[in-house]
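Residue-level structure breakdown
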Amino acid sequence: MADVLSNYRTGAAFDEMMDAEGSVRPSYKAVYSTLSRATSDELRVIAESLANNYTQAGVTFDVGGVERPFPLDLVPRVIASPEWEIIEAGVAQRVRALEAFLADIYAEARVISDGVLPSQLVTSSTHFHRAVWGIRPANGVRIHVAGVDLIRNPDGDVRVLEDNVRVPSGVSYVMTNRNAMITAMPEAFANHRIRPVASYPTRLLTALRKAAPPGVDEPAVVVLTPGVYNSAYFEHTLLARTMGVELVEGRDLECRRGKVFMRTTAGLQRVDVIYRRIDDEFLDPVHFRSDSMLGVPGLVNAVRTGGVTLANAIGNGVADDKLVYTYVPDLIKYYLREDPIIPNVDTWRLEEDEAREEVLDRLEELVVKPVDGSGGKGIVIGPRATKSELDSLRRRVTEDPRGWIAQPVVQLSTVPTLIEDCLQPRHVDLRPFAVNNGEDVWVLPGGLTRVALPEGELVVNSSQGGGSKDTWVLSPPPHRSPSGRNSTEHKDEDVDHALSSTAVPLTVATILVGVKPEFPETHRQQQDQQQQSPQRGWKC
């Protein structure tokens, strides 16, 4: 029997399974034992089964208008309980700080008057919307859902790469990946205590209901999608189905007297909470893009008068501004009086003369990103750029230094990945998802692990040949739970195993509210939606 791990060799990056001496890390021992007993033929059969399941179920992503199955590798990423406790606390801390920041800048702006941030940093952000200044959400929550992108550097330290608090995408793959792995590899779950992910829709629905306007006892919740041509439409249908709520497009909603109604066969029905998956500029043609065919006229006024709640809130994008990102450690100290649990990646602010001079001298070594970019657009990877690309970048940075940041190229950590007939190390990142209900920030155990499949590749997005892995967060021993509290206090300490049922179906039906004519401009706008998609981002 050929050992599929016989040629497994770690490189300069931190390997999640093997340490520098070649010993298996404790959290991976059971996985390593299972893999070492498998033949390449057995692994190939499992890989083909996963691919076929995803093809039949329509678990896809969009590349240039073409829908393709989302690659799922059969080797999971494993995170030990103590390490997850740190990640969980760090992500929740970051969400709380950004929540306080958004509440502040759309009201008193104390963070500016106290000298923590320069005023121009906020007001010059393309995602700072004065149209929603002074609006106070019903339960004080603006970030109902957050996706915080994490990497591990060669020293093994976890770092925050960026924050996503507008309309972060990718949680559907977390849930479908788990369900597919349970189906394809039931024996692997028998040897592990893995924290489940199937409770996410329930957690999200609870948070959305708690965000309803005052006086609403039975809030009606809907998921607002750009439409079937959006790259994240699969996720929209899955979340609507698993939460048991309606999936609607902008044309299905109507604003009347400061309230929002949904058109149904029985007449107009009041809508109290909208989980929107449409970017700010397309939401309301009255206040933003007048040519938007995706939004709802009058929606901003309905939010302002308290007639409806939008999740996530309009204007959150200022917290995603990559220049604001460089100040998040200061925001944590300012608002929470705490030190950051998870540090940022080292970053140069190019509006600062000294930093800009250094970066311009080292463009060929660094990664330069537009501060308001999303989905990897506009990023220049210095070591891979041509001379003309670097010359063009140099001119753009000189003309608009506030619009750019720079970071070093980081060798992302690696995880064993099935490549042809053997397992080889491939680079990964991690996007944990957090849900804020106004009382607590809950972090989904695990998150979306993205993997760059070509050898040596650091780009994890699927359009560049990347895929994903199921992320296993190991449960603590039965006598204790995270943070050392009694396990009876945590309903989520149940574990996924081969015989467990899941609330997330592998097959997802398309949900149609109504059949209405579509136009080319509508298709284009649906495709234009960034959705902070996990498939498109450059990770460096």
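Quick summary incoming for the structure in this document. Just so it is clear, the structure is predicted and the values come from calculations on it, not from any experiment.

**Notes on the sheet that holds strand E9 (residues 259-264)**
A sheet is described by the order of its strands in space; here three strands give the open sequence E8-E9-E10, paired in antiparallel fashion. Because the sheet does not close on itself, it has two edges, and the strands there are strand E8 (253-256) and strand E10 (267-271). The mean angle between the axes of side-by-side strands here comes to 40°, regardless of whether they run parallel or antiparallel. Pairing of E8 with E9 involves four bridges; the strand directions are antiparallel. Note that in E9 the partner of Glu254 across the bridge is Phe261.

**Some words on helix H2 (residues 40-57)**
Spanning 18 residues, H2 covers 26 Å between terminal C-alpha atoms, matching the ideal 26 Å at 1.5 Å per step. Looking only at H2, the buried set comprises Ser40, Leu43, Ile46, Leu50, Asn53, Tyr54 and Ala57. Buried residues along H2 cover an arc of 155° about the axis, so they all sit on one side. Of the exposed residues in H2, the ones pointing more than 90 degrees away from its buried face are Val45 and Gln56. Buried residues belonging to H2 abut helix H1 (29-36), strand E3 (72-79), helix H6 (171-184), strand E17 (414-419) and strand E18 (422-431). Remark: Gly58 follows H2 within two positions and exhibits a positive phi of approximately 75°.

**A word on the sheet that holds strand E14 (residues 366-370)**
Here four strands make up an open sheet; going across it, the order is E13-E16-E14-E15 and the pairing antiparallel. Bordering the open sheet on either side are strand E13 (348-349) and strand E15 (380-381), each of which pairs with just one other strand. As judged from the five bridges shared by E14 and strand E16 (residues 404-408), these two strands associate in the antiparallel manner. The residue of E16 that forms the bridge with Pro370 is Trp404.

**A look at unusual backbone geometry**
Going from Ala311 to Asn312, the amide bond is cis rather than trans, its omega being -10°. Checked against the element boundaries, Asn312 lands in the loop between strand E12 (309-311) and helix H12 (322-325). At Arg337, a residue that is not glycine, the phi angle is positive and equals roughly 60°. Within the secondary structure, Arg337 is located in the loop between helix H13 (328-336) and E13. The class for Arg337 is exposed, based on a relative accessible area of 64%. Phi is positive for Glu420, close to 60°, though the residue is something other than glycine. Checked against the element boundaries, Glu420 lands in the loop between E17 and E18. Using a relative accessible area of 71% as the deciding quantity, one classes Glu420 as exposed.

**Thoughts on the pattern of salt bridges**
All chains considered together, the criterion is met by 29 salt bridges. Among the salt bridges present, the one from Arg136 reaches Glu108, with a minimum N-O distance of 3.5 Å. Highlighted residues: Arg136 in the loop between helix H5 (119-123) and strand E4 (145-152) and Glu108 in the loop between helix H3 (81-105) and helix H4 (110-113), separated in sequence by 28 residues. Look at Arg136 and you get exposed, because its relative accessible area is 63%. Classification of Glu108 by relative accessible area gives exposed; the value is 52%. The residue Glu235 makes a salt bridge to Arg277 at a minimum N-O spacing of 3.0 Å. With Glu235 in helix H9 (residues 233-243) and Arg277 in the loop between strand E11 (273-276) and helix H10 (280-283), this residue pair connects regions lying 42 residues apart in the sequence. Given a relative accessible area of 2%, Glu235 falls into the buried group. Take Arg277: its relative accessible area is 0%, and that puts it in the buried class. Several salt bridges converge on common partners, so that one network encompasses Glu16, Arg77, Glu83 and Arg152.

**Remarks on the pairing of strand E19 (residues 433-436)**
Moving residue by residue along a regular strand, the side chains alternate between the two faces of the sheet. Going residue by residue along E19, you find Phe433 and Val435 tucked away on one face and Ala434 and Asn436 tucked away on the opposite face as well. Pairing analysis gives three bridges linking E4 to E19, with the strands arranged antiparallel. For Gly147, the partnering residue across the bridge sits in E19 and is Phe433. As defined by bridge partners, E19 adjoins strand E20 (residues 441-443) across three bridges and the pair is classed as antiparallel. What sits directly across from Ala434, in E20, is Val443.

**A closer look at the nonpolar core**
Note on soluble globular proteins: their nonpolar side chains tend to be buried together. Core analysis: the biggest nonpolar cluster contains 74 residues, and Phe101, Ile105, Leu150, Leu253 and Ile274 have the highest contact counts within it. In this structure, Met18, Tyr200, Leu238 and Met243 belong to the second largest nonpolar core, which totals 65 residues.

**Here's the deal with the environment of Asp73**
For Asp73, the location among the structural elements is in strand E3. Each C-alpha atom, one on Asp73 and one on Leu453, is 9.4 Å from the other, the two residues being 380 residues apart in sequence. Excluding anything up to four places from it in sequence, Asp73 contacts Met181, Pro416, Thr417, Leu418, Ser468 and Lys469. Looking at Asp73, its side chain comes within polar contact range of the main-chain nitrogen of Leu418, at 3.0 Å.

About the thresholds
The numbering scheme is per chain: residues are counted from 1 as the chain's sequence reads. Confidence filtering applies because this is a predicted model: local features only for residues at pLDDT of at least 70, side-chain atom pairs given and counted only at 80 or more, and all residues used for totals across whole chains, interfaces and linings. Note: side-chain values were computed over all heavy atoms of the structure, leaving out hydrogens and water. Paired strands are those between which DSSP finds at least two bridges. Numbered from the N terminus, helices here are DSSP runs of H or I no shorter than four residues, and strands are runs of E no shorter than two. Axis definition: a line fitted to C-alpha atoms, over the contacting stretch in the case of helices. Angles run 0 to 180 degrees between N-to-C directions. To estimate the expected span of a helix, count its residues, drop one, and scale the result by 1.5 Å. A 1.4 Å probe rolled over the protein chains alone gives each residue an accessible area, and that area as a share of the maximum for its type sets the label: buried under 20%, exposed over 50%, partly exposed in between. As used here, the arc belongs to the directions running from the helix axis to the C-beta atoms. We call two residues in contact whenever any of their non-hydrogen atoms come within 4.5 Å of each other. Salt bridges are defined by distance alone: a side-chain nitrogen of Lys or Arg within 4 Å of a carboxyl oxygen of Asp or Glu. Take the buried residues of types Ala, Val, Leu, Ile, Met, Phe, Trp, Tyr and Cys, join any two whose side-chain atoms come within 4.5 Å, and each joined set is a nonpolar core. Two N or O atoms form a polar contact when they lie within 3.5 Å of each other; inside protein one atom must be a possible hydrogen donor and the other a possible acceptor, and for residues adjacent in sequence the pair counts only when both atoms belong to side chains.

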